[in-house]
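What follows is each chain in one-letter form.
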Amino acid sequence: MATMTAAQRREQARVEYDAFIRGCPTNQLLERISDKWVSLVVAALATGPMRYSDLGRRIAGVSPKMLTQTLRSLERDGILTRTVTPSVPVRVDYELTPLGLSLCGLLVAVKDWAESHIGQVHEARELYDTESPDS
């Protein structure tokens, strides 16, 4: 097998989508879906459509600006849909698309893992901080 130059590897990554190569477009997607707010929005929508205000209440700590930015980026990426119902006041609902549902299980599993293992992580951090020569 012939060795490849860096330029050839980059070109191959563009065709094969190898996330380990910096120029690969999948890096943008990995960056998006690894965002804390994205994970929480997708997990919140796992149970079904929600209104903007309900999402804001469900996801403690998210600012209105960050929630809006997150929802817009997820809509742009095809992860969720936004439905506006004309009424007084206007009703806006967000719902996962089939693509979003395929991502949902993974992100909910990561959220569940974090909730189940945070105690162990705190213990490991405390142990590291007490035994680390830097502390």
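On a predicted model such as this, the values are computed, not experimentally measured, just so you know.

(A) Region of the structure containing the nonpolar core. Core analysis: the largest hydrophobic core is formed by 21 residues, its most contacted members being Val41, Val42, Leu45 and Leu55. For this core, the secondary structure elements donating two or more residues are helix 3 (36–44), helix 5 (64–76), strand 3 (91–96) and helix 6 (98–131). Of all the elements, helix 3 adds the most residues to this core, at 5 residues. Not counting residues within four places of it along the chain, the set of residues in contact with Leu55 comprises Ala44, Leu45, Met50, Leu67, Leu71 and Tyr94.

(B) Just the sheet that holds strand 1 (residues 50–51), in detail. The antiparallel open sheet is built from 3 strands, whose spatial order is 1-3-2. For this open sheet the edge positions go to strand 1 and strand 2 (80–85), each flanked by a neighbour on one side alone. In this sheet, strand 3 lies alongside strand 2 in antiparallel orientation, the contact comprising 6 bridges. Pairing of Val84 across the sheet is with Val92, part of strand 3.

(C) Inspection of the packing of helix 3 against helix 6 at higher detail. In contact at an axis separation of 8 Å, helix 3 and helix 6 are set at 110 degrees when each is read in the N-to-C sense. With respect to each other, helix 3 and helix 6 are oriented roughly perpendicular. For the pair helix 3 and helix 6, the crossing hand works out as left-handed. The residues of helix 6 that touch helix 3, namely those facing Val38, Ser39, Leu40, Val42 and Ala43, are Gly100, Cys104, Leu107, Val108 and Lys111. When grouped by side-chain class, the residues that make up the contact of helix 3 with helix 6 number 7 nonpolar, 2 polar and 1 charged.

What counts, and where the lines are drawn
Residues numbered from 1 in each chain as written. Predicted model: local features only at pLDDT ≥ 70, side-chain atom pairs only at ≥ 80, totals over all residues. Heavy atoms only, no water. Core = buried A, V, L, I, M, F, W, Y, C linked by side-chain atoms within 4.5 Å. Buried < 20%, exposed > 50% of the residue type's maximum accessible area, 1.4 Å probe, protein only. Helix = DSSP H or I, 4+ residues; strand = E, 2+ residues; numbered from the N terminus. Contact = heavy atoms within 4.5 Å. Pairing = 2+ DSSP bridges. Axes fitted to C-alpha atoms, helices over the stretch in contact; angles between N-to-C directions. Parallel < 35°, antiparallel > 145°, perpendicular 65-115°, else oblique. Left-handed = near helix turned anticlockwise from the far one by under 90°. Nonpolar A, V, L, I, M, F, W, Y, C, P; charged D, E, K, R; others polar.

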